Amino acid sequence: MNGTGSWKSFLEVSGRAIRKYRWSFPFIFLVLIIAYYPAGNIFNDPLSTVILDREGTLLGAKIASDGQWRFPERREVPEKFRKAIIASEDRYFYYHPGFNPVSIIRAVYHNLKRGKIVSGGSTLSMQVIRMARKNKPRTVGEKLIEIFQAFRLELAFSKDEILTMYASHAPFGGNTVGLDAAAWRYFGIFPENLSWAEAATMAVLPNSPALIYPGKNQEKLLAKRNRLLDKIFQSGVIDRSTCELAKTETLPQKPFSLPQLAPHLLERAVKEGQSGKRILTTLDARLQDKVSEILLLHYPQLKANEIENAAALVLEVNSGNVTAYVGNILSAAEDEHGKDVDIITSPRSTGSILKPFLYTAMLNDGLILPNSLIPDIPMQIGGFIPENYTLTYDGAVPAHRALSRSLNIPAVKMLQAYGYDQFCMLMRKIGMTTLTKPADHYGLSLILGGAEADLWDLAGIYASMARTLNHFSETGMYDKNDFHPPSYILKEKVREPEVTSRTSLFDAASIFLAFSAMVEVARPDEEQQWQQFSSSSTIAWKTGTSFGNRDAWSVGVTPGYVVAVWVGNASGEGRPGLTGIGTAAPILFDIFKSLPPTPWFKTPYKEMVQVAVCHQSGFRASGICEQQDTMWVQKKGLRSPVCPFHQVVHLDKTENWQVTSNCESPSDMVHKSWFVLPPVQEWYFRNKNPFYKVLPPFRPGCNPPESHNMEMIYPHTNSRIYLPVDLDGKPGSTVFKVAHRIPRHTVHWHLDDHFIGSTIQYHQMALAPEKGFHTLTLVDENGESLTIRFEIMTKEDRK
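Because the structure is a prediction, the values reported are computed rather than measured.

**Points about the overall build of the chain**
Then, in step 1: Each helix and strand in the chain was counted, giving 22 helices and 28 strands.
Then, in step 2: Put simply, the chain has 799 residues, and 52% of those count as buried.
Then, in step 3: Carbon and sulfur atoms make up 53% of the accessible area of the chain, which amounts to about 38100 Å² in all.

Structure, rendered in structure tokens:
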């Protein structure tokens, strides 16, 4: 009775208190909700960075900063997992307001009956709150907080959004958090591709991730999965045969390694502010894998020569999108020899890879025509002494052939004419970001590897040129936005032309003529390896090798694609045989074989004009050029120089002697147009061009007008010469050379007004003057003289 009376007294007091203060209950309830008001984004955990290809295929992921595999939150939950998790955890999910009173009462009953906590009665919404609060200890107070915040969560978000939060942040064992990471770690697939058995496995894991872990406790995991499959069957979601077949599927064992198809691009994305994001890239996973495979196939041969690194970049021309990005060889020993270095963004010495841009620029400015002869003779400018790869000289060579053969001296001569400061400014304008120093720092060596570039910029510039040509062929106009860097992040819409113009940084004709020169396969005899390369598409391509054989480049372009390859050692160590033609070009052409063939560029006739060109000099024909060719050239070529090498000469009737009016009647003279190169150019040119006819000498007794039959090959006037030191420690000698139009003429040599000897046919002499300034005077048998001053310096003067 006493117990019953006490209970009744308690109820009476409680009832009066409730009736008295009932008006305050809504206020208290509101205060509690506000007190535990969750932010719009209730999770602030660090996320993994995930990159996908253009179709959504996983390329790679970087673990979050807290050591967890936690992918960025997904937008929706796959249907199979949604059915499975609701059947497993919260079958009234779509009906309750965030908490389920029936489940809570049932959980209290079972916990009291067992004398310990065996059930929490938590809904999926409450579990989301619990995860957001970092799984704080289970107490009555904590449970109340979860209830109130789950209710508030339901007010702020839709059911599907809450389910998405759960799927993105639920623990799945070990350091795997979220459905996306779990599906890849345990099954190697996207969550959308999970089978019913796999979805059921995923659904039971978050309930006790520390206890049930793939590869451990297999019997418990199997039993829980199969019980859930039975529940799904009993709810009518799947039929019996599907349920039984699902039960026969095996459980996952140890976690899979996530794909790492583009690790260098992944690291780049993180450095560029994309950390913790799901990045849909422009890459093609199949092509990415193929390009990586090609580099690996070439790796054993490279490694045999102690060449450890290579990189390749593939761009789509019209969009500028990256379709393959292999920043380095992905061998098993990725931590060795700098294989973690992203070569694509690493500045390296250019070698001769910039020559096509100079050739295009000179065409674009009307300074040359494709066949214009460019000097190819020994040259020295201060301490800068460029040489061709073959260590030979042609005297003069057509500009397009100088490009296709990658001759160094003609390139320097062209840069000298164009201006290295102007070229440096142009390169920055068209997209070369690595030219960070004043133009004078690079000087004329800019065209031969005196500057650094990276594959990203180079490929982007070639793509911009091809894009400009494509765009003009389609519309007859230019888009100033055609010159832009590559992109690896997929944009929702293709960039539309914004600024049309009648002009461009490079006109279409100059680009077309440059690409046509790059198609030519005329290489020096020492580089006959090019003959093995073939492709179903016509490809404009260029190789480059830096000084000391440290960097090997190869870039190719078609109307559809640009492929850029670098081979070398990330450490900068040079190796014999490390050349663009020998190591980078084979990789380039193997990659092109993996790309769809494309037809060649359309000829941009609207930007071209037919002109008469001197057959021998390649310049615009003058009135005295007897052999003329009609050629399509860039319109700006109309302002290029006329042929400077043809001159009218006066011969006797035998045409074996030159004569003057002093010794021959003009009526008896034969007047002929003659192709005449400067003496040094002539000296080398005639040895390789049998058609070249040397001017006849003046007939004895005829006083020739002032002529210029001699020209110094080495050294030039005002040169500084450092004498080598012989093995005995004494100063050695240096060879002085002069070219004479008539080799059989005798040349008399005088050093500081002292006669030192004569030469016939081969006009060269080894001299060892003392330190200081000297004067060399040369006099031929006709009295023509040539004088130069030079300075001899010693080894100590270099210091």
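Next, the rest of the story.
**Brief notes about the nonpolar core**
Then, in step 1: Grouped together as the largest cluster of nonpolar side chains are 90 residues, with contacts concentrated most on F423 and F515.
Then, in step 2: A total of eleven residues in this core trace back to one element, the largest contributor, which is helix α19 (residues 455-475).
Then, in step 3: Not counting chain neighbours up to four residues away, the residues in contact with F515 comprise Y462, M465, A466, L469, A540, V557, W600 and F601.

**Description of the pairing of strand β28 (residues 785-793)**
Then, in step 1: As judged from the four bridges shared by strand β22 (residues 719-722) and β28, these two strands associate in the parallel manner. Among the inter-strand pairings, I721 is bridged to a residue of β28, identified as I792.
Then, in step 2: Alignment of strand β27 (residues 772-780) against β28, held across eight bridges, turns out to be antiparallel. Within the sheet, the bridge partner assigned to F773 lies in β28 and is E791.
Then, in step 3: Hairpin remark: β27 followed by β28, antiparallel, with four residues in the connecting loop; positive phi at G783, about 95 degrees.

**Examining the state of the cysteines**
Then, in step 1: Per the stated rule, a full pass over the model turns up one disulfide.
Then, in step 2: Across the disulfide from C663 sits C702; the S-S distance is 1.5 Å. Between C663 and C702, the disulfide has an S-S torsion of 95 degrees and is therefore right-handed. Of this pair, C663 sits in the loop between β19 (646-651) and β20 (670-675) while C702 sits in the loop between α22 (679-688) and β21 (710-714), and the two are 39 residues apart along the sequence.
Then, in step 3: Free cysteine: C625, not disulfide-bonded; nearest cysteine sulfur from C614 at 3.5 Å.
Then, in step 4: Overall, C625 belongs to the buried group, its relative accessible area being 3%.

**Quick notes on the packing of aromatic side chains**
Then, in step 1: Evaluation of the coordinates by the stated rule reveals 21 aromatic pairs.
Then, in step 2: Here F472 and Y478 contribute two aromatic rings whose centre-to-centre distance is 4.9 Å and whose plane-to-plane angle is 25 degrees, an arrangement assigned as stacked.
Then, in step 3: You can call F472 buried: its relative accessible area is 7%.
Then, in step 4: Ring-pair connections join several aromatic residues into one group, and the members of that group are F619, F645, F675, F685, F691 and Y692.
Then, in step 5: Geometry around W456 places R268 over its ring, the cationic atom sitting 3.8 Å from the centre.

**Looking at the pattern of salt bridges**
Then, in step 1: All chains considered together, the criterion is met by 33 salt bridges.
Then, in step 2: E192 is the salt-bridge partner of R74, the closest N and O atoms lying 3.1 Å from each other. Here R74, found in the loop between β3 (69-70) and α3 (79-89), pairs with E192, found in the loop between α8 (179-187) and α9 (196-204); they are 118 residues apart in sequence, far enough to count as distant.
Then, in step 3: Between D230 and K247 there is a salt bridge, and its shortest N-O distance comes to 2.5 Å. On the criterion of sequence distance, the pair formed by D230 in helix α10 (residues 218-234) and K247 in helix α11 (residues 240-247) is long-range, its members being 17 residues apart.
Then, in step 4: With a relative accessible area of 22%, K247 lands in the partly exposed category.
Then, in step 5: Taken together, the shared-partner salt bridges in this structure form one network comprising R74, D180, E192 and R278.

**Focus on the sheet that holds strand β6 (residues 309-316)**
Then, in step 1: Taken in spatial order, the five strands make up an open sheet running β7-β6-β16-β15-β14, and their pairing is antiparallel. With one partner strand each, in any of the chains shown, β7 (322-326) and β14 (540-545) form the two edges of the open sheet. Within the sheet, the average angular offset between the axes of one strand and its neighbour, ignoring direction, is 10 degrees.
Then, in step 2: Two elements, strand β15 (residues 551-557) and strand β16 (residues 561-568), share seven bridges in a ladder whose sense is antiparallel. Paired with W553 across the two strands is W566, which belongs to β16.
Then, in step 3: Strands β6, β7, β14, β15 and β16 of the sheet are contacted by α19, whose axis makes an angle of about 25 degrees with β6.

**Some remarks on the packing of α3 against α10**
Then, in step 1: Put simply, α3 and α10 touch, their axes get as near as 9 Å, and they point 105 degrees apart. With respect to α10, the axis of α3 lies roughly perpendicular. Of α10, the residues touching α3 (which contributes A84, A87 and S88) are L228, K231 and I232.
Then, in step 2: Taken together, the residues of the contact of α3 with α10 break down into four nonpolar, one polar and one charged.

**Side note on unusual backbone geometry**
Glycine aside, the phi torsion of most residues is negative, and most peptide linkages are trans.
Then, in step 1: The residue after Y714, namely P715, is reached through a cis peptide bond having omega -5 degrees.
Then, in step 2: Note that P715 resides in the loop between β21 and β22.
Then, in step 3: In this structure, N549 is a non-glycine residue whose phi angle is positive, near 55 degrees.
Then, in step 4: Following the sequence through the fold, N549 ends up in the loop between β14 and β15.

**What about the sheet that holds β22?**
Then, in step 1: Judged by pairing direction, the sheet is mixed, and its five strands sit side by side in the order β22-β28-β27-β24-β25 without closing on themselves. In the strand order of this sheet, the two ends are held by β22 and β25 (754-760), each with one partner. Put simply, the sheet's adjacent strands are angled 30 degrees from each other on average, direction ignored.
Then, in step 2: Across five bridges, strand β24 (residues 746-751) lies against β27 in antiparallel orientation.

**Comments concerning helix α5 (residues 124-132)**
Then, in step 1: Counting buried positions over the nine residues of α5 gives eight, a clear majority of the element.
Then, in step 2: Turning to α5, its buried residues are L124, S125, M126, Q127, V128, I129, R130 and M131.
Then, in step 3: Where α5 is buried, its residues touch α3, α6 (140-156) and α7 (159-169).
Then, in step 4: K134 lies just past α5 and shows a positive phi near 65 degrees.

**Quick notes on the packing of α3 against α7**
Then, in step 1: Closest axis-to-axis distance for the α3/α7 pair is 12 Å, and the angle between their directions is 90 degrees. The angle between the axes of α3 and α7 places the two elements in the roughly perpendicular class. Across the interface between the two elements, F81, R82, I85 and E89 of α3 pack against L163, Y166 and A167 of α7.

**Observations regarding a nonpolar patch on the surface**
Then, in step 1: A cluster of nonpolar side chains, Y92, Y94 and Y95, forms an exposed patch at the surface whose accessible area comes to about 380 Å².
Then, in step 2: Relative to the helices and strands, Y92 resides in the loop between α3 and α4 (101-114).
Then, in step 3: Accessibility expressed as a relative area gives 41% for Y92, which makes it partly exposed.

**Notes on helix α14 (residues 355-364)**
Because the α-helix completes a turn every 3.6 residues, residues three or four places apart line up on one side.
Then, in step 1: In terms of burial, α14 is a largely internal element, ten of the ten residues being buried.
Then, in step 2: The complete set of buried residues in α14 reads K355, P356, F357, L358, Y359, T360, A361, M362, L363 and N364.
Then, in step 3: G366 sits one or two residues past α14 and shows a positive phi near 70 degrees.

**Things to note about the confidence of the model for the chain**
Then, in step 1: Averaged over every residue, the pLDDT of the chain is 87; residues scoring 70 or more account for 87%.
Then, in step 2: Every residue in residues 521-531 scores below 50 in pLDDT, and together they form 19 contacts with partners more than four places removed in sequence or on other chains.

**What to know about the side chain of D652**
Then, in step 1: Examined against the element boundaries, D652 turns out to sit in the loop between β19 and β20.
Then, in step 2: The class for D652 is buried, based on a relative accessible area of 6%.
Then, in step 3: Here T654 takes part through its side chain, which lies 2.7 Å from a polar atom of the side chain of D652.

The rules behind the values
Residues numbered from 1 in each chain as written. Predicted model: local features only at pLDDT ≥ 70, side-chain atom pairs only at ≥ 80, totals over all residues. Heavy atoms only, no water. Helix = DSSP H or I, 4+ residues; strand = E, 2+ residues; numbered from the N terminus. Buried < 20%, exposed > 50% of the residue type's maximum accessible area, 1.4 Å probe, protein only. Areas by Shrake-Rupley, 256 points an atom, 1.4 Å probe, with all protein chains shown as cover. Core = buried A, V, L, I, M, F, W, Y, C linked by side-chain atoms within 4.5 Å. Contact = heavy atoms within 4.5 Å. Pairing = 2+ DSSP bridges. Disulfide = S-S within 2.5 Å. Phe/Tyr/Trp six-rings, centres within 6.5 Å; stacked < 30°, edge-to-face > 60°. Lys NZ or Arg CZ within 6 Å of the ring centre and 35° of its normal. Salt bridge = Lys/Arg side-chain N within 4 Å of Asp/Glu carboxyl O. Axes fitted to C-alpha atoms, helices over the stretch in contact; angles between N-to-C directions. Parallel < 35°, antiparallel > 145°, perpendicular 65-115°, else oblique. Nonpolar A, V, L, I, M, F, W, Y, C, P; charged D, E, K, R; others polar. Patch = residues over 30% accessible without salt bridge, like charges linked within 9 Å, V, L, I, M, F, W, Y side chains within 5 Å. pLDDT = per-residue confidence, 0-100. Polar contact = N/O pair within 3.5 Å; in protein donor to acceptor, adjacent residues only side chain to side chain.

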